[in-house]
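Next come the chains, spelled out residue by residue.
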Amino acid sequence: MKYPKHATPNVPHSIHQPDDSYSHSPTPITATGVWTDVSASGSNVAKLPALFISHGAPTLAIEQSATTSALARIGQNLPKPRAILIMSAHWQSAKLEISSNPQPKTWHDFSGFPPELYELQYPASGQPALAESLAQQLTARGITCSVNPVRACDHGVWAPLRHLYPEAEIPIVQVSLPQHYDSIACYQLGAQLARLREEQILIIGSGNITHNLQALRWQADSVDQTAKAFKQWLLQQLKTDIPSALDWQQYPDYKDIHPSDEHLLPLFFALGTGQRVSVVHQSMAHHSLGMDIYRFD
């Protein structure tokens, strides 16, 4: 596997190798043009990291745990973002879409959980101007993309953000996960958007480092050693050999950890925006659900 040095426009998203002929540097995708007050995007403001958050079960929203404490610390310690750009495992689409809903509803996209969970609201606003700008810039690069003005926030967005920014004061723009995207396509999309970190936009991939619902044991204190071994292996690849991490399906019996890939792919979206990984939090929940949080700089 070749290292994907460039996020490549003008190629089908199902491609499994970057185009080595793409050697020029296009104008970076930027967000500064959408702000009335651009002072916060000056050079004196620290670049934000990107995050990969394992959001777990919807009950994360009402839990108090080591994971939720880690999320709260991140929100307290990072410079306040101007906006959040987030890819959730729970918005799969036929093509790339970006939410432009100015007031996205809190979508309780699950069933069978405690009644109190369905009463929660996360009333963060959207940022339509940012969504429109990003869609236009990606389209100009030959990447099929459109805005979605009615998209609600699924629990992959609001459950972790409820701990990260409990006041819901940061505008949210959600990026879909096209069904034909693989790890490299997600990495390339992240690379296209990496400049946004310099403009105080917090980029998040929300999924799970391990995600096999058939292996869950809700009340168990035990740890699935198969899932734990996979996440330890993948973290090592992220730190030392990114091409190997992108080729994660080389891992023996990977389908025992990720029967489908939608909860892992947001990791590679975050990775594309910054290749230096550090661990913010590591744990397991419900026997087999990895709850790791990674930071990318």
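Everything quoted here is computed from the prediction, not taken from an experiment.

Cut-offs used in this document
- Residues numbered from 1 in each chain as written.
- Predicted model: local features only at pLDDT ≥ 70, side-chain atom pairs only at ≥ 80, totals over all residues.
- Heavy atoms only, no water.
- Salt bridge = Lys/Arg side-chain N within 4 Å of Asp/Glu carboxyl O.
- Helix = DSSP H or I, 4+ residues; strand = E, 2+ residues; numbered from the N terminus.
- Buried < 20%, exposed > 50% of the residue type's maximum accessible area, 1.4 Å probe, protein only.
- Pairing = 2+ DSSP bridges.
- Contact = heavy atoms within 4.5 Å.
- Phe/Tyr/Trp six-rings, centres within 6.5 Å; stacked < 30°, edge-to-face > 60°.

(A) Seen up close, the pattern of salt bridges. Overall, the coordinates contain seven salt bridges when judged by the stated rule. Across the salt bridge formed by Lys47 and Glu198, the nearest N and O atoms sit 3.9 Å from each other. Here Lys47, found in the segment before strand E1 (50–54), pairs with Glu198, found in the loop between helix H5 (183–192) and strand E6 (201–207); they are 151 residues apart in sequence, far enough to count as distant. Taking relative accessible area as the criterion, Lys47 reaches 44% and is therefore assigned partly exposed. A relative accessible area of 35% means that Glu198 is categorised as partly exposed. Measuring nitrogen to oxygen at the nearest pair gives 2.8 Å for the salt bridge that ties Arg151 to Asp154. Comparing Arg151 with Asp154 shows no difference in burial state: the two are buried. Through salt bridges that share partners, Lys47, Arg195, Glu198 and Glu199 make up one connected network.

(B) Up close: unusual backbone geometry. The backbone of Ala168 sits at a positive phi, close to 55°, despite the residue not being glycine. Assignment of secondary structure puts Ala168 in the loop between helix H4 (155–164) and strand E5 (172–178). Using a relative accessible area of 10% as the deciding quantity, one classes Ala168 as buried. Here Gln200, not a glycine, exhibits a phi torsion of approximately 60°, which is positive.

(C) Expanded view of the pairing of strand E10 (residues 293–296). Across four bridges, E1 lies against E10 in antiparallel orientation. Residue pairing in the sheet places Ala50 in a bridge with Phe296 of E10. Of the strand pairs in this sheet, strand E7 (residues 277–281) and E10 are connected by four bridges, and their pairing is antiparallel. Each bridged residue has a counterpart across the sheet, and for Val277 the counterpart in E10 is Phe296.

(D) Highlighting the environment of Gly207. Relative to the elements of secondary structure, Gly207 occurs in strand E6. Through-space distance from the C-alpha of Gly207 to that of Val157 is 9.5 Å; in sequence the pair is 50 residues apart. If near-sequence neighbours (up to four positions away) are discounted, Gly207 is found in contact with Phe52, Ile53, Ser54, His55, Gly56, Ala89 and His263.

(E) Focus on the packing of aromatic side chains. The full count for this structure, using the stated rule, is 10 aromatic pairs. Look at Phe110 and Trp158: their rings are 6.2 Å apart centre to centre, the planes differ by 45°, and that puts the pair in the tilted class. Of this pair, Phe110 sits in the loop between strand E3 (96–99) and helix H2 (115–119) while Trp158 sits in helix H4, and the two are 48 residues apart along the sequence. A residue is classified by how much of its surface remains accessible, and Phe110, at 14% relative accessible area, is buried. A relative accessible area of 0% places Trp158 in the buried class.

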